[in-house]
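So the chains spell out like this:
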Amino acid sequence: MQNHMELRFSAYPQNESFARVAIAAFAVQLNPTLPEMADIKTAVSEAVTNAIVHGYREHDGMVSMTADFGDRRLLTVSIHDDGCGIEDVETAMQPFYSTGDGAERSGMGFCVMQTFMDAVDVDSRVDQGTTVTMRKYITGEVGLHRERMLDEIG
Amino acid sequence: MVQESPLYGSVTVVVAGELDHCTASQIRRQLDGILEDPSITHLCLDLENLTFMDSSGIGVLLGRLRVLQQRGGMLSVKNMQPPIEKLFRLTGLQRVIGVEKNAKGVR
């Protein structure tokens, strides 16, 4: 079984929390642990924020979110915008890299996505848009034990 | 956003709800309003009821830290929920922002 969902919403900051709630409602079918769910929501929030702030530069546009999982419990989430694209993806993904638009940005968005998910791929073309595809293996209860173990060993 | 000021120059502010790009500007404005008082040198954020934060929140915290450092002050947080604590740990934020021991046993 391959479960698939697609969602398309306006590139408004108010929809960042909507996207988090939507991906959580889809991913809950995999019975993730609370830390896994928090990771997914945070990574999606980063990708949607990037689409709104950098892709569309806070102008009108549409953001698409698709998500899939199958029997192997691998969750794939893609966030797509038709915005301005990224000229140099490798540089943009460096920690603390920011476009320097004067706003207070941490430059940690891609870093958070990479840390909280198992894999992040970015496909971007200047003036055509960006697709960020993130994958995470949802371990469920096993993951809970792993989190506890990691907590214990610090 | 509730304020307590038990000590001169020190203020504790409760930040509740969600801190993302959408809410960042409002929370930034409120914190900057508090920091307009130049006598404040220690801002402590009580995050017990902050249920979500992403890197937009990191930007807000680092911006306020900069303001406080310019006047020789410091920024600290307390009562973080586990996901926010993880964000702090993985981005190295706890190296520049003081993390006070959880007063209410929140983990």
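Conventions we followed
- Residues numbered from 1 in each chain as written.
- Chains lettered and ligands numbered in written order.
- Predicted model: local features only at pLDDT ≥ 70, side-chain atom pairs only at ≥ 80, totals over all residues.
- Heavy atoms only, no water.
- Helix = DSSP H or I, 4+ residues; strand = E, 2+ residues; numbered from the N terminus.
- Buried < 20%, exposed > 50% of the residue type's maximum accessible area, 1.4 Å probe, protein only.
- Areas by Shrake-Rupley, 256 points an atom, 1.4 Å probe, with all protein chains shown as cover.
- Polar contact = N/O pair within 3.5 Å; in protein donor to acceptor, adjacent residues only side chain to side chain.
- Core = buried A, V, L, I, M, F, W, Y, C linked by side-chain atoms within 4.5 Å.
- Contact = heavy atoms within 4.5 Å.
- Salt bridge = Lys/Arg side-chain N within 4 Å of Asp/Glu carboxyl O.
- Pairing = 2+ DSSP bridges.
- Axes fitted to C-alpha atoms, helices over the stretch in contact; angles between N-to-C directions.

Q: Hey, could you run me through the overall build of chain A in this one?
A: Helix and strand content of chain A: five helices and five strands. Helices and strands appear in chain A in the N-to-C order β-α-α-β-β-α-α-β-β-α. Scored against the burial criterion, the 154 residues of chain A give a buried share of 50%. When the accessible surface of chain A is summed, it comes to about 8000 Å², and 50% of that surface belongs to carbon and sulfur atoms.

Q: Any chance you could explain the side chain of Ser 106 of chain A here in plain terms?
A: Its place among the elements puts Ser 106 of chain A in the loop between α3 (89–92) and α4 (109–116). Here Met 108 of chain A takes part through its backbone nitrogen, which lies 3.2 Å from a polar atom of the side chain of Ser 106 of chain A.

Q: Which parts of the structure should I look at to understand the nonpolar core?
A: A general tendency of soluble globular proteins is for nonpolar side chains to be buried together. Counting residues in hydrophobic clusters, the biggest one holds 36 residues, and the most contacted among them are Val 44, Met 65, Leu 75, Ile 79 and Met 134 of chain A. Listing elements by their share of this core, those giving two or more residues are β1 (3–10), α1 (15–27), α2 (34–55), β2 (62–69), β3 (74–81), α4, β4 (119–125) and β5 (129–137) of chain A. Element by element, the count of residues in this core is highest for α2 of chain A, at eight residues. Sequence-distant contacts of Val 44 of chain A, that is, excluding residues within four places in its chain, are made with Ala 19, Ile 23, Met 65, Val 77, Ile 79 and Met 134 of chain A. Counting 33 residues, the second largest nonpolar core, distinct from the first, contains Leu 19, Ile 58, Leu 68 and Ile 97 of chain B.

Q: I tried to follow the interface of chain B and chain A on my own but got confused; where do I start?
A: One widely used convention gives an interface's size as the accessible area the parts lose upon coming together. Contacts between the two partners involve 21 residues from chain B and, on the opposite side, 25 residues from chain A. At the junction of chain B and chain A, the tally comes to three salt bridges. Between chain B and chain A we count eight residue pairs in polar contact (both at pLDDT 80 or more) in total. Looking at the side of chain B that touches chain A, the elements that each hand over two or more residues are α1 (21–35), β5 (50–53), α2 (55–70) and α3 (82–91) of chain B.

Q: I tried to follow the pattern of salt bridges on my own but got confused; where do I start?
A: Where charged atoms of side chains with opposite charge meet at close range, the side chains can pair. If you walk through the whole model with that rule in mind, you get seven salt bridges over all chains. One salt bridge in this structure joins Lys 136 of chain A and Asp 39 of chain A, with 3.4 Å as the shortest N-O distance. Residue Lys 136 of chain A is found in strand β5, and its partner Asp 39 of chain A is found in helix α2; the two are separated by 97 residues along the sequence. With a shortest N-O distance of 2.7 Å, Asp 32 of chain B and Arg 64 of chain B are connected by a salt bridge. Of this pair, Asp 32 of chain B sits in helix α1 while Arg 64 of chain B sits in helix α2, placing them 32 residues apart in sequence. Note on Arg 64 of chain B: relative accessible area 3%, which makes it buried. What emerges from the salt-bridge pattern is a single network uniting Arg 20 of chain A together with Glu 18 and Asp 20 of chain B.

Q: Would you mind showing me how to read the pairing of strand β4 (residues 42–46) of chain B here?
A: The two faces of the sheet receive side chains in turn, since in a regular strand these alternate between them. Residues and elements named next belong to chain B. Burial runs high along β4: five of the five residues are buried. Going residue by residue along β4, you find His 42, Cys 44 and Asp 46 tucked away on one face and Leu 43 and Leu 45 tucked away on the opposite face as well. As defined by bridge partners, β4 adjoins strand β6 (residues 74–78) across five bridges and the pair is classed as parallel. Paired with Asp 46 across the bridge in β6 is Lys 78.

Q: Would you mind going over the sheet that holds β2 of chain A with me for this structure?
A: Hydrogen bonds between backbone groups are what pair the strands of a sheet, and the pairing can be parallel or antiparallel. All names here are of chain A. Strand order in the open sheet formed by five strands is β1-β2-β3-β5-β4, with antiparallel pairing between adjacent strands. The sheet is open, and its two edges are formed by β1 and β4, each paired on a single side. Between one strand axis and the next, the sheet turns by 10° as a mean value, whatever way the strands run. Where β3 meets β5, eight bridges bridge the pair, whose relative direction is antiparallel. Across the sheet, residue Thr 76 finds its bridge partner in β5, namely Arg 135. Along the sheet face, α1 touches β1, β2 and β3 and points at about 170° away from the line of β1. Helix-sheet contacts for α2 involve β1, β2, β3 and β5, and the interaxial angle to β5 is about 175°.

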